[in-house]
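As a plain string of letters, each chain reads:
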Amino acid sequence: QVQLVESGGGLVQAGGSLRLSCAASGRTFSIYAVSWFRQAPGKEREFVASISWRGGNTYYADSVKGRYTISRDIAKDTVYLQMNNMKPEDTADYYCAAVVIPVMNCLDPAQYDTWGQGTQVTVSS
């Protein structure tokens, strides 16, 4: 089993930056990839970014490409999401999720069976 805990959320002004952390514990050696999702009030959970645990390959949603950077520190079992030039529409609860095997569609939250509790991000205009 893998457990995930997010941290780093908060309130930031438009144009500002935040860095989210996702700390993994348990059978971390079994992780294949970790992704970040977000969910705004009244909206569906949407994919933000993904990183393969060993190779470090990354993939981003078009809405955050060029502004967000996902990275991982295997020694610390932690995945980061650096968010720059933030916009009010980035306001959401952010969740990290992990998979232990390759999935058909990393954008689909239903493919993930391990989730953190989420961290709230608010961007003021």
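On a predicted model such as this, the values are computed, not experimentally measured, just so you know. (Residues numbered from 1 in each chain as written. Predicted model: local features only at pLDDT ≥ 70, side-chain atom pairs only at ≥ 80, totals over all residues. Heavy atoms only, no water.)

### Let's talk about the nonpolar core
Item 1. Core analysis: the biggest nonpolar cluster contains 36 residues, and Trp36, Leu81, Met83 and Tyr94 have the highest contact counts within it.
Item 2. Those elements that provide at least two residues to this core are strand S1 (2-7), strand S3 (18-26), strand S4 (33-39), strand S5 (46-52), strand S7 (68-73), strand S8 (78-83), strand S9 (92-99) and strand S11 (119-124).
Item 3. A total of 6 residues in this core trace back to one element, the largest contributor, which is S9.
Item 4. Once residues within four sequence positions are removed from consideration, Met83 is found in contact with Gly16, Ser17, Leu18, Leu20, Arg67, Tyr68, Tyr94 and Val121. (Core = buried A, V, L, I, M, F, W, Y, C linked by side-chain atoms within 4.5 Å. Buried < 20%, exposed > 50% of the residue type's maximum accessible area, 1.4 Å probe, protein only. Helix = DSSP H or I, 4+ residues; strand = E, 2+ residues; numbered from the N terminus. Contact = heavy atoms within 4.5 Å.)

### Some points on unusual backbone geometry
Item 1. Here Asp77, not a glycine, exhibits a phi torsion of approximately 50 degrees, which is positive.
Item 2. At Asn85, a residue that is not glycine, the phi angle is positive and equals roughly 45 degrees.
Item 3. Looking at the secondary structure, you find Asn85 in the loop between S8 and S9.
Item 4. Judged by its relative accessible area of 45%, Asn85 is partly exposed.

### Considering the pairing of S3
Item 1. Relative to S3, S1 is paired through 6 bridges, and the arrangement is antiparallel. What sits directly across from Gln3, in S3, is Ser25.
Item 2. Pairing between S3 and S8: 6 bridges, direction antiparallel. Counted as the bridge partner of Ala23 is Thr78 from S8. (Pairing = 2+ DSSP bridges.)

### Observations regarding the state of the cysteines
Item 1. As enumerated under the stated definition, the model contains 1 disulfide in all.
Item 2. The disulfide that involves Cys22 links it to Cys96, with 2.1 Å between the sulfurs. In this structure, the disulfide formed by Cys22 and Cys96 twists by about 75 degrees around the S-S bond and is classed as right-handed. Taken together, the positions of Cys22 in strand S3 and Cys96 in strand S9 put the pair 74 residues apart, joining distant regions of the chain. As far as burial versus exposure is concerned, Cys22 and Cys96 are alike and both buried. (Disulfide = S-S within 2.5 Å.)

### What about the side chain of Thr114?
Item 1. Tracing the backbone through its elements, the reader meets Thr114 in strand S10 (residues 114-115).
Item 2. Looking at Thr114, its side chain comes within polar contact range of the side chain of Asp113, at 3.3 Å.
Item 3. Look past the residues within four positions of Thr114 in its chain and what remains in contact with it is Val2, Leu4, Cys96, Ala97 and Ala98. (Polar contact = N/O pair within 3.5 Å; in protein donor to acceptor, adjacent residues only side chain to side chain.)

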